[in-house]
Amino acid sequence: MSDQGLKERLRADLTAAMKARDTLTTSTLRLALAAITTAEVAGPQAKELSDAEIVTVLQKEVRKRGEAAEAFAGAGRDEQAAKERAEAQVLSGYLPQKLTDAEVEDLVAAAVAAVTASTGAAPTMRQMGPVIKDVQARAAGRADGSRIAAAVKLALSGAG
């Protein structure tokens, strides 16, 4: 897949949604592409985002929609909350499949083994930072940071 694969897919789907007069998908994809463009021009030098970086932008957008939906629901604005949830659902279709708990545990076990092999010491809670960093790299955005941290904490507290 080229660096523009996901972005091109978003653009193609936007065109299809416009032709189908699907206002929800059209507006959601426009906002997502705008967020991607903003991320591309942020910083000292404009650059083309990789698919992995685009996934990170989309995850942030999905999280924003979820938080907004909760806020609207809490304020009794159910219609607006439903719209935010629907937008999050559209964007979620472009994210990689989430890892199962068993897959996260396997990644944690592999990371603990790698970190303990490199340090030569038995696994302890002091290694939590390096282990979490290793797992996040292996998960590549397919698992929430809090899930990873909890799994690492469980593995290291059981080990040490």
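The structure presented is a predicted model; accordingly, all values stated were derived computationally and were not measured.

S.K.: Can you break down the overall build of the protein chain residue by residue, with the values?
M.R.: Secondary structure summary: the protein chain contains 7 helices and 0 strands in total. Helices and strands appear in the protein chain in the N-to-C order α-α-α-α-α-α-α. Expected size for 160 residues packed as a compact globule is a radius of gyration near 15 Å; at 19 Å, the protein chain overshoots this value by more than 25%. When burial is assessed residue by residue, the protein chain has 33% of its 160 residues classed as buried. In the protein chain, the share of contacts with a sequence separation of at least 24, taken over all contacts with a separation of at least 6, comes to 60%.

S.K.: I'd like a rundown of the domain arrangement of the protein chain, residues and numbers included.
M.R.: Under the domain assignment, the protein chain is made up of domain 1 (6-93) and domain 2 (101-158). Each of domain 1 and domain 2 was reduced to a C-alpha centroid, and the two centroids are 30 Å apart.

S.K.: An account of the side chain of glutamine 59 is needed here, citing residue identities and associated values.
M.R.: Of note, glutamine 59 is situated in helix α3 (residues 51-74). Once residues within four sequence positions are removed from consideration, glutamine 59 is found in contact with Leu95, Lys98 and Gly141.

S.K.: I'd like a description of helix α1 (residues 5-19), backed by residues and values.
M.R.: If you check α1, its first and last C-alpha atoms are 21 Å apart, about what 15 residues at 1.5 Å a residue would give, namely 21 Å. Taken residue by residue, α1 has Leu6, Lys7, Leu10, Leu14 and Ala17 as its buried positions. Looking straight down α1, one finds its buried side chains confined to an arc of 100°; they lie on one side. Of the surrounding secondary structure, the elements contacted by the buried residues of α1 are α2 (23-41) and α3. Among the residues trailing α1, arginine 21 stands out with phi positive, at a value near 55°.

The rules behind these values
Residues numbered from 1 in each chain as written. Predicted model: local features only at pLDDT ≥ 70, side-chain atom pairs only at ≥ 80, totals over all residues. Heavy atoms only, no water. Helix = DSSP H or I, 4+ residues; strand = E, 2+ residues; numbered from the N terminus. Rg over C-alpha atoms; globule rule 2.2 N^0.38 Å. Buried < 20%, exposed > 50% of the residue type's maximum accessible area, 1.4 Å probe, protein only. Contact = heavy atoms within 4.5 Å. Domains from an automatic or database assignment. Expected span 1.5 Å × (residues − 1). Arc of directions from axis to C-beta.

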